[in-house]
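# Working through the structure, step by step
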Amino acid sequence: MMVAFPVLAQSQAVGTLGEVVVTATRAKQALSDVLADLTIVDSDQIQRSGATGLADVLGRLPGVEFQRNGGPGATTSVYIRGAETRFTAVFVDGVRIDSQSTGGASWESIPLAQVDHIEVLRGPAAAVYGSDALSGVVQIFTRRGEGDFSPYLGFGMGTYGTKRSEAGFSGQSGNLDYSLGLVDEKSDGFNARPIAGQNPDLDGYNSQSANLKLGYQVNNAHRLEVTYLKNDLDSQYDSAGTSTDNHSLYELETDGLSWQAQWTDAWSSRLSATSSHNQYKTMPEPSYLTITNLKGYLWHNEIRQGEHLVTVDLERKEDHLENAPINQDRFQNGVALGYGFSGKQHLLQLNVRHDDDSEFGGKSTASAAYGYAITGQWRATASAATAFRVPTLFQRFSAYGDPSLQPETGKNIEMGLRYTEGSSSFGAVVFRNEVSNLITYVNGAGACASSYGCYANTARAVYEGITLTATHRLGGVNLGASLDLQDPHDVTTGLQLARRAKQHAMLTADTRLGAWTLGAEAQLSGQRYDTAANTLVLPGYGLINLHASTNLSKDWSLVMKADNLSDKTYQLADGYAQAGRTVYVGVKWAPM
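Keep in mind it's a predicted model, so treat the numbers as computed, not measured.

### With respect to the overall build of the protein
Scanning the protein from N- to C-terminus turns up five helices and 33 strands. Whereas a compact globule of 592 residues would reach a radius of gyration of roughly 25 Å, the protein reaches 23 Å, a difference of no more than 12%. Across its three principal axes, the protein shows a C-alpha extent of roughly 60 × 55 × 45 Å. The burial tally for the protein puts 55% of its 592 residues in the buried class. Expressed as a percentage of contacts within the protein between residues at least 6 apart in sequence, the contacts between residues at least 24 apart total 60%.

So this is what it looks like as C-alpha cells:
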C-alpha cells in the first residue's frame, strides 16, 4: 500500500521541496529545474507503505498501471502511460536491468525491501538513454551510508502467512561510507488460479536478498563507489492442464563500479562499468531456462557555467542471451549531447543521441523541452521527443523469431501546466506517443520456424491521454488525488490495448493524531480487456487501503496496514486471482 504519495511526490514534482534528481538528464538537477514529468518516492513513503512488491508502489503513481498473474512474486508487467512494459528502461543504482527473452525488466525479481528511493520519469528518454526508454525510465536507488554507524533489525507478519525479516547497518567512517542490507521474505500465498482443472494449492513465494554499497572519497575531487545487489526468488504458479506444484526460480544480480571526478569548477565526470545477471527458470512442468547478461560502460561529462549545463555521454551496452538453442549477443555504442538552461522565467532542455547497433546500424534520437514561468506559482511546459527499442534477441533468434525484425520507433509530444503554492499544487499533462513497427506475436505460420506463430512488425499504436494531479492541506489533513484518462489503442484495428484501463485514479488522505501517522487511500480503475481482440472484459474495481505508523520508543517503530479493506474480488488478467483483504504488522529497531 502506498500512502499519501500525491502529497509528497507530486508537490516535489513541481519543485517546491528543493529535491535533487538525476533521471531526467543523468546529471544532478534541482527538481524545480526539471521539465520532464517526474515523480519521487522516498524511503519514508516506502517504509510506511508496508508494500511487498515494487509494482504495488509504482501502481499508485500517476500515469502508471501494473498487471500481475497472481500475488507478489508472480509474473508482473508495468505500463507507463499505457505503453508496453518493455518500453520502460529500468536501472538499479545505475545498472541496467532487462530481459532479452521477455523484453523489459523482470519486475517481480527486484526486491522492494532493498530500495531507498525511486525516481519515475514518464515519457520517452531515448535521447539520453538510448534503446528501451520509449515510454519512460524507472531509476531505483539503494541506501547510501552516512553519519555514525547505524544498525537496524525489522520483523513483520501478515495475511497469507506472510513473514519478513531484515537486518543491516550503514554509516560513515572517515572517507569511507558503507551500507549493507539482508532481507528474507516468504508467504504461503493464495490460490492464484481458482478455476477448474488447475492445481488448487496455495501459490506463495520465498525471497532472499542482499545489498551492499561502498563509497570512498579519495579527496575533495574524486570518489569511488561499488554497488552490489542479489535476489533469489522462488515463486509458485499453476501451469495449464496439470496438477503439478510448479515453481518459477529467479536470480537477479547487479554490480556497479564508478569513479566520480571534479576536474575543474565547471567540469565534472563519472566513469562507470556495470553488469547485471537475470536468470529465469521454471520447473518441473515445463522445464525452461533463460539467462540474460548485460554489461554497460558509461563516461558521463557535465560542464556547468551559471545557468547553463552541457552534458556529453559516451556509452557502450552489451546484451547476451542464453535460451537453448539461442546463444547470441550484440552491442550498441552511443554518443549523447545535452544542453540545459535554467533561468528565472525560462527553462530549456535539448538532447540528441546517436547509437550504432551491431545488428541494425545507426539510429538517431532527439528531444526538446521548454518551460515558461507564467507567474511565481504557474508554469507551462511543452516537449517533443523521438525514441526506439531494438527487438530482443529472443524475438529475432528463437523458433518464433524473425532476424529481419526492425526496431520499434516512437514520436511523442506533450504539454503541461503546473501550479504550486505552499502545500497546494495542481498539475495537468497531455501527451501523445505514436509507436510504429510495433512487434506483436501473430498466430499461424509466418517468417519464423514455428508453425504456431511468429513475432512480426505488424502494428502501429498510439498512447495518448491526460494526467491530472492535485494536493491540498485542509486543516491537519493532507489530501491528494490523481486521475489518468488515457486511450492506448492499436491504430489499425482501433481496439484498446490489452490489460490497460482507459481510466484510473487515486485519492489519498493522511494526518497526524498524537504520536500516530494515519492514512487512507482509494484506488480506482476502469474496465480493461484481457485480449487484443477486446472480446473478454475485465471489470473495473475500487480498493480501499489504510495504514498507521508510530514510534513505540526512541529506537522502535511500528507500521500497520490493511489493503483491499472491503475484500474486493477482481482480476488484472483473466483466470488469475488477486489478494483479498490483507493485514500486515511490522516493527523495526533502529537506534538513534
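### Observations concerning the pairing of strand β4 (residues 64–68)
Most of β4 sits inside the fold, with five of its five residues counted as buried. What you see with β4 is no split at all: Val64, Phe66 and Arg68 on one side and Glu65 and Gln67 on the other are buried throughout. Pairing analysis gives five bridges linking β4 to strand β5 (residues 76–80), with the strands arranged antiparallel. Of the residues in β5, the one forming a bridge with glutamate 65 is tyrosine 79.

### Topic: the pairing of strand β20 (residues 346–357)
Side chains of β20 alternate between two faces, with Leu347, Gln349, Asn351, Arg353, Asp355 and Asp357 buried and His346, Leu348, Leu350, Val352, His354 and Asp356 left unburied. The pairing of strand β19 (residues 326–342) with β20 spans eleven bridges and is classified as antiparallel. Bridge pairing links leucine 337 to valine 352 in β20. Between the antiparallel neighbours β19 and β20 lie three residues.

### Quick notes on the side chain of serine 209
Note that serine 209 resides in strand β13 (residues 203–217). Among the polar contacts made by the side chain of serine 209, one reaches the side chain of glutamine 114 at a distance of 3.1 Å. Serine 209 has contacts with Pro111, Gln114, Gly181, Leu182, Val183, Lys230 and Asn231, leaving out every residue within four places of it along the chain.

### With respect to the nonpolar core
Of all hydrophobic cores here, the largest spans 30 residues; its most connected members are Leu54, Leu58, Trp107, Ile110, Ile118, Val120 and Ile140. Breaking this core down by element, the ones donating at least two residues are α3 (54–58), β4, β5, β6 (88–92), β8 (117–122), β9 (136–141) and β31 (541–551). For valine 120, the residues in contact, after removing those within four places along its chain, are Asp37, Leu38, Thr39, Leu58, Leu61, Val64, Ile80, Val137 and Val138. Formed by 14 residues, the second largest nonpolar core is a distinct cluster that contains Val34, Ile40, Leu121 and Ala133.

### Considerations on the environment of threonine 550
Along the chain, threonine 550 falls in strand β31. Measuring from C-alpha to C-alpha, the distance between threonine 550 and leucine 513 comes to 9.9 Å, with 37 residues separating the pair along the chain. From its side chain, threonine 550 meets the backbone oxygen of alanine 515 in a polar contact 2.9 Å long.

### Some words on the pattern of salt bridges
By the definition in use, this model includes 33 salt bridges. Notably, a salt bridge pairs arginine 499 with aspartate 530, separated by 3.0 Å at the nearest N-O pair. Residue arginine 499 is located in the loop between β26 (477–490) and β27 (503–513), and its partner aspartate 530 is located in the loop between β29 (528–529) and β30 (537–538); the two are separated by 31 residues in the primary sequence. What emerges from the salt-bridge pattern is a single network uniting Arg96, Asp98, Asp132, Asp319, Arg330, Glu359, Arg389 and Arg396.

### With respect to the state of the cysteines
Considering all chains together, one arrives at one disulfide under this definition. The side chain of cysteine 448 participates in a disulfide bridge whose partner is cysteine 454; the two sulfur atoms lie 2.0 Å from each other. The sign of the -75 degrees torsion about the S-S bond sets the cysteine 448-cysteine 454 disulfide as left-handed. This pair shows no difference in class: cysteine 448 is buried, exactly as cysteine 454 is.

### Section: unusual backbone geometry
Residue proline 284 is bonded to the preceding methionine 283 through a cis peptide linkage, with omega at 0 degrees. Looking at the element boundaries, proline 284 is found in the loop between β16 (267–283) and β17 (288–305). Of note in the backbone geometry, arginine 26 takes a positive phi value of approximately 70 degrees without being a glycine. Within the element layout of this structure, arginine 26 appears in the loop between β1 (20–21) and β2 (29–30). Under the relative-accessibility criterion, arginine 26 is labelled buried at 8%. Positive phi values are uncommon outside glycine, yet aspartate 132 reaches one of about 100 degrees. Structurally, the position occupied by aspartate 132 is in the loop between α4 (126–129) and β9.

### Re the confidence of the model for the protein
Counting all residues, the mean pLDDT for the protein is 93, and 96% of those residues have values of 70 or more. The low-confidence segment residues 1–17 (pLDDT under 50) makes 72 contacts with residues lying over four places distant or belonging to another chain.

### Focus on the side chain of histidine 489
Within the fold, histidine 489 resides in strand β26. A distance of 3.0 Å separates a polar side-chain atom of histidine 489 from the backbone oxygen of aspartate 487. Apart from the residues lying within four places of it in its own chain, the contact partners of histidine 489 are Arg460, Ala461, Val462, Glu464, Gly494, Leu495, Gln496 and Leu497.

### A look at the packing of aromatic side chains
Inspection of every chain in the model, using the stated rule, returns 13 aromatic pairs. Considering the side-chain rings of phenylalanine 149 and phenylalanine 169, the 5.6 Å spacing of their centres and the 40 degrees angle between planes classify their relative orientation as tilted. Of this pair, phenylalanine 149 sits in the loop between β9 and β10 (150–158) while phenylalanine 169 is found in strand β11 (residues 162–173), placing the two residues 20 residues apart along the sequence. Ring centres of tyrosine 250 and tyrosine 280 lie 4.9 Å apart, and the angle between their planes is 35 degrees; this geometry places the pair in the tilted category. One end of the pair, tyrosine 250, is in strand β15 (residues 246–262); the other, tyrosine 280, is in strand β16, with 30 residues separating them in the sequence. Following the ring pairs from residue to residue traces out a cluster consisting of Phe394, Tyr400, Tyr441 and Tyr455. The positively charged end of arginine 81 is found above the aromatic ring belonging to phenylalanine 431, 4.5 Å away from the centroid. Above the ring of tyrosine 152, the side-chain terminus of lysine 588 is found at 4.7 Å from the ring centroid.

### Comments concerning the sheet that holds β8
Taken in spatial order, the five strands make up an open sheet running β3-β8-β9-β6-β7, and their pairing is mixed. Every interior strand has two partners, whereas the edge strands, β3 (37–41) and β7 (95–97), have only one. Strand-to-strand twist across the sheet, computed as the mean angle between neighbouring axes with direction ignored, equals 20 degrees.

The rules we used
- The residue numbers shown here count from 1 along each chain, following its written sequence.
- pLDDT decides what is reported in this predicted model: residues at 70 or higher carry local features, side-chain atom pairs at 80 or more are listed and counted, and totals for whole chains, interfaces and linings draw on all residues regardless.
- Excluded from the side-chain calculation are hydrogens and water; included are all heavy atoms of the structure.
- In this text, helices come from DSSP runs of H or I with a minimum length of four residues, and strands from runs of E with a minimum of two, each type numbered from the N-terminal end.
- The globule rule used for comparison is 2.2 Å times the number of residues to the exponent 0.38, while the radius of gyration itself is calculated over C-alpha atoms.
- Under the scheme applied here, a residue whose accessible area is under 20% of the maximum for its type counts as buried, over 50% as exposed, and between as partly exposed, the area being computed with a 1.4 Å probe on protein chains only.
- When checking whether two residues touch, look at their non-hydrogen atoms; a contact exists if any pair is within 4.5 Å.
- At least two DSSP bridges between two strands are needed for those strands to be called paired.
- In the analysis that follows, any N or O atom pair within 3.5 Å is treated as a polar contact, provided that within protein one partner can donate a hydrogen and the other can accept it, and provided that, for residues neighboring in sequence, both atoms belong to side chains.
- By convention a nonpolar core is built from buried Ala, Val, Leu, Ile, Met, Phe, Trp, Tyr and Cys residues, the set being connected through side-chain atoms within 4.5 Å.
- When a carboxyl oxygen of Asp or Glu lies within 4 Å of a side-chain nitrogen of Lys or Arg, that pair is called a salt bridge.
- Two cysteine sulfurs form a disulfide in these notes if their separation is within 2.5 Å.
- The quantity known as pLDDT measures the predictor's confidence residue by residue, on a range of 0 to 100.
- For Phe, Tyr and Trp, where Trp contributes only its six-membered ring, two rings pair if their centres lie within 6.5 Å, and the inter-plane angle classes them as stacked under 30 degrees, edge-to-face over 60, or tilted in between.
- Each ring is checked for a lysine NZ or an arginine CZ that lies within 6 Å of its centre and within 35 degrees of its normal; such an atom marks a charge sitting over the ring.
- Only the contacting stretch of a helix is used when fitting its axis, a line to C-alpha atoms as for every element, and angles between N-to-C directions run 0 to 180 degrees.

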